[in-house]
Amino acid sequence: MHLASLPWQDTPLPYANALLTEHWPLLLDSQGAGRWHILVANPRATAVLTEAGWQFDGWPGIDGDSFAVMAALQVWGEALKSGQLSASEANTAPTKTAASELPFMSGVMGYVGYAAPSEHGLPERHGDDWPLATLAYYDQGIALDCETHEAWVWASDAMSAIEWQNWQQRCVTNSEAKPAAKLEAFQLKAPFQALTTQQRYADDIAHIHELIRAGDCYQVNYTQAYEAQHNGRLWTRYEELRELARAPYGAYWALPWGELLSLSPEQFIGINDRTLTTRPIKGTRARGNDSEQDQVEASALTASAKDMAENIMITDLLRNDLSKHARIGSVSVPELCALKSFGQVHHLVTTITATLNSDATVAEVLRDAFPGGSITGAPKKRVMEIIEAIEPTARGVYCGMLFYWDDRGRVDSSITIRTLASKDGVVRTWAGGGITLDSTWQAEYEECWSKMGGVIEALSKP
């Protein structure tokens, strides 16, 4: 494995700019809330799932769902590896951060959209104009350690010595330039439009209440979409949006057909040393305009029986999802309905952990928990049928997952909420919330704006 240090940068943006001219550049940005920023580019192989089926590039591929294909791509990529960090490299590399600490050094990254087939028995979901899933095997990239203020460039041994020298040079030289300045700035051609009318929204909430009273379900996560036509690259607004959101699962992916930008605060599933972790979010209040009002909003959230009930319902669902592949008795909830504050909103966040069964695989764990319970409701199968019947617009990449799966078995993933997808001059985003019998359509409508209104307003400015 090739490894060398890079000059430290306070944000990952200079290195992200450096990779914009590379193939399929992807940034995973902890936005000050986590230890690592991860950047990759130039995947060895890819897999793209559309309504017409899989398209493979660089490897033979297999037939199967997204989780079977990501597992097969991981196995294919591991066969490329020819060894660990060599002794000579280990002696010349700075020692404050060992290569083993880096969270990702070759493996599969990608997204699986909400509509992608997953656990057997769940209803089919309709997609939109984005691929249902996009997977890529990356073996070169950059990692920034926000704890030690060190930056690293790495690549697998599949890269030749001259390729490695050129890769290092591009990362350094291009990070000192400003490629984003050469890009056409993002600019709306017309204001964002809600794709669900207010009357339709109110009627759908009333229908959900009827279903809850009839005993069909307990909670339905109902969402709506917004879209606008635009010129220019979404990336040119990323710095502004990351400051606005301050979310631990920021991401940007430049793909041949469009741009994916995520400001997600929510972990889907993490796997490290056979420990499973998920952190569902349920319960939201907008941040206040000053510290006093902010505290009022936070206190109102922690005192809300409705929001606590929403969170506990989903906590129970996700405890069940993790237990499918967990050691008996290992599922625990070390933190229930904890107040967490982000750039635009306060949330109630629960932490659930478990120990992975010895015979369980990463693909099985992800498949059997997908899509995340916080963005479906309970019980999962029935509410997914309800969502498919009543939501007027497809969720697409929204409410799916964005993930990395390192060759050493480390996994982390987010739920793709607070996410924007740009394709063919149209940018689309979504917002939603958990509907219970205590919900009013007016409050839920306002909550949608609390989640994405700031981003929409920022993008609406020249």
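Residues numbered from 1 in each chain as written. Predicted model: local features only at pLDDT ≥ 70, side-chain atom pairs only at ≥ 80, totals over all residues. Heavy atoms only, no water.

### Side note on the overall build of the chain
Here comes step 1: Check the secondary structure of the chain and you find 11 helices and 24 strands.
Here comes step 2: Counting only C-alpha atoms, the chain reaches 65 × 55 × 50 Å along its principal axes.
Here comes step 3: For the chain, the proportion of its 462 residues judged to be buried stands at 58%.
Here comes step 4: Restricting the contact set of the chain to residue pairs at least 6 apart, pairs at least 24 apart contribute 74%. (Helix = DSSP H or I, 4+ residues; strand = E, 2+ residues; numbered from the N terminus. Buried < 20%, exposed > 50% of the residue type's maximum accessible area, 1.4 Å probe, protein only. Contact = heavy atoms within 4.5 Å.)

### Some details on the pairing of strand E22 (residues 411-415)
Successive side chains on a regular strand alternate, one facing one side of the sheet and the next facing the other.
Here comes step 1: Of all five residues in E22, five are buried, a share of seventy percent or more.
Here comes step 2: Residues of E22 alternate between two faces, with Val411, Ser413 and Ile415 on one and Asp412 and Ser414 on the opposite face, all of them buried.

### Looking at the environment of Leu20
Here comes step 1: Along the polypeptide, Leu20 turns up in the loop between helix H1 (13-19) and strand E2 (26-29).
Here comes step 2: C-alpha separation for the pair Leu20 and Trp253, spaced 233 residues apart in sequence, amounts to 9.7 Å.
Here comes step 3: Other than its neighbours up to four places away in sequence, Leu20 contacts Pro25, Leu183, Arg233, Trp235 and Tyr252.

### Let's talk about the side chain of Glu259
Here comes step 1: Topologically, Glu259 is positioned in strand E14 (residues 258-264).
Here comes step 2: Among the polar contacts listed, one links the side chain of Glu259 to the side chain of Tyr252, at a separation of 2.6 Å. (Polar contact = N/O pair within 3.5 Å; in protein donor to acceptor, adjacent residues only side chain to side chain.)

### A word on the nonpolar core
Here comes step 1: Counting residues in hydrophobic clusters, the biggest one holds 137 residues, and the most contacted among them are Met70 and Leu135.
Here comes step 2: Here the element with the most residues in this core is helix H11 (residues 441-460); it accounts for six residues. (Core = buried A, V, L, I, M, F, W, Y, C linked by side-chain atoms within 4.5 Å.)

### Some remarks on the packing of aromatic side chains
Here comes step 1: Throughout the structure, instances matching the rule amount to 20 aromatic pairs.
Here comes step 2: Seen from their ring centres, Trp235 and Tyr238 are 5.1 Å apart, and the 15° between their planes marks the pair as stacked.
Here comes step 3: Its relative accessible area of 5% is what places Trp235 among the buried residues.
Here comes step 4: Taking the relative accessible area as the measure of exposure, Tyr238 reaches 1% and is therefore buried.
Here comes step 5: Among the aromatic side chains, those forming a connected cluster through ring pairs are Trp24, Tyr111, Trp130, Trp253 and Trp257.
Here comes step 6: Lying over the aromatic face of Tyr114, Arg125 brings its terminal NZ or CZ to 5.5 Å of the ring centre.
Here comes step 7: One residue, Arg395, lies across the ring of Tyr114, its end atom 4.6 Å from the ring centre. (Phe/Tyr/Trp six-rings, centres within 6.5 Å; stacked < 30°, edge-to-face > 60°. Lys NZ or Arg CZ within 6 Å of the ring centre and 35° of its normal.)

### Comments concerning the state of the cysteines
Here comes step 1: With the rule as written, the count across this model stands at zero disulfides.
Here comes step 2: Among the cysteines around Cys399, which has no disulfide bond, Cys448 carries the closest sulfur, lying 11 Å off.
Here comes step 3: Since its relative accessible area comes to 0%, Cys399 is described here as buried. (Disulfide = S-S within 2.5 Å.)

### Some words on the confidence of the model for the chain
Fine structural detail should not be taken from predicted coordinates in areas where pLDDT scores are low.
Here comes step 1: Mean pLDDT over the chain works out to 93, with 95% of the residues at or above the 70 mark.
Here comes step 2: Note that pLDDT drops below 50 for residues 83-96; the model gives that stretch 18 contacts with residues more than four away or on any other chain. (pLDDT = per-residue confidence, 0-100.)

### Comments concerning the pattern of salt bridges
Here comes step 1: Applying the stated rule across the entire model yields 29 salt bridges.
Here comes step 2: The shortest N-O distance in the salt bridge between Asp29 and Arg242 comes to 2.7 Å. Here Asp29 is found in strand E2, whereas its partner Arg242 is found in helix H6 (residues 238-245), with 213 residues between them in sequence. The burial state of Asp29 is the same as that of Arg242; both residues are buried.
Here comes step 3: Residues Asp139 and Arg44 are paired through a salt bridge, measuring 2.8 Å at the closest nitrogen-oxygen approach. You can see Asp139 sitting in the loop between strand E7 (133-138) and strand E8 (140-145) and its partner Arg44 sitting in the loop between strand E3 (36-40) and strand E4 (45-50), a full 95 residues away along the chain.
Here comes step 4: Owing to a relative accessible area of 33%, Arg44 belongs among the partly exposed residues under this scheme.
Here comes step 5: Several salt bridges share partner residues, and in doing so they unite Arg35, Glu101, Asp145 and Glu147 into one network. (Salt bridge = Lys/Arg side-chain N within 4 Å of Asp/Glu carboxyl O.)

### Some points on unusual backbone geometry
One can expect most non-glycine residues to show negative phi and most peptide bonds to be in trans.
Here comes step 1: The peptide bond linking Phe370 to Pro371 adopts the cis configuration, its omega dihedral lying at -10°.
Here comes step 2: If you trace the backbone, Pro371 turns up in the loop between helix H9 (362-369) and strand E20 (377-378).
Here comes step 3: A cis amide bond, omega -5°, links Ala378 with the succeeding residue Pro379.
Here comes step 4: With respect to the element layout, Pro379 can be found in the loop between E20 and helix H10 (380-390).

### A word on the environment of Arg246
Here comes step 1: Structurally, Arg246 can be placed in the loop between H6 and strand E13 (249-255).
Here comes step 2: Residue classification places Arg246 among the partly exposed residues on the basis of a relative accessible area of 42%.
Here comes step 3: Sequence separation between Arg246 and Gln165 is 81 residues; the distance between their C-alpha atoms is 35 Å.
Here comes step 4: Setting aside residues up to four positions removed in sequence, Arg246 forms contacts with Gln31, Arg287, Phe342 and Gly343.

### Observations regarding helix H2 (residues 66-78)
Here comes step 1: Spanning 13 residues, H2 covers 18 Å between terminal C-alpha atoms, matching the ideal 18 Å at 1.5 Å per step.
Here comes step 2: All of the buried residues along H2 are Ser66, Phe67, Val69, Met70, Ala72, Leu73, Gln74 and Gly77.
Here comes step 3: In the core, the buried residues of H2 are packed alongside E4, strand E5 (53-57), strand E6 (107-112), E7, H9 and strand E21 (401-406).
Here comes step 4: Here H2 starts with a cap whose side-chain oxygen sits 3.0 Å from the backbone nitrogen of Phe67, and that cap is Asp65. (Expected span 1.5 Å × (residues − 1).)

### So, a nonpolar patch on the surface
Here comes step 1: On the surface, Ile312, Val333 and Leu336 cluster together into a nonpolar patch covering about 220 Å² of accessible area.
Here comes step 2: Among the structural elements, Leu336 can be located in strand E18 (residues 332-341).
Here comes step 3: For Leu336, a relative accessible area of 46% corresponds to the partly exposed category. (Patch = residues over 30% accessible without salt bridge, like charges linked within 9 Å, V, L, I, M, F, W, Y side chains within 5 Å. Areas by Shrake-Rupley, 256 points an atom, 1.4 Å probe, with all protein chains shown as cover.)

### What about the packing of H2 against H9?
Here comes step 1: Close contact between H2 and H9 brings their axes to 9 Å; oriented N to C, the two are set at 160°. Of the possible angle classes, the one that applies to H2 and H9 is roughly antiparallel. Note that H2 runs across H9; the crossing there is right-handed. From H2, Phe67, Ala68, Met70 and Ala71 reach across to H9, where they touch Ala363, Leu366 and Arg367.
Here comes step 2: For the contact of H2 with H9, the class distribution of residues is six nonpolar, no polar and one charged. (Axes fitted to C-alpha atoms, helices over the stretch in contact; angles between N-to-C directions. Parallel < 35°, antiparallel > 145°, perpendicular 65-115°, else oblique. Left-handed = near helix turned anticlockwise from the far one by under 90°. Nonpolar A, V, L, I, M, F, W, Y, C, P; charged D, E, K, R; others polar.)

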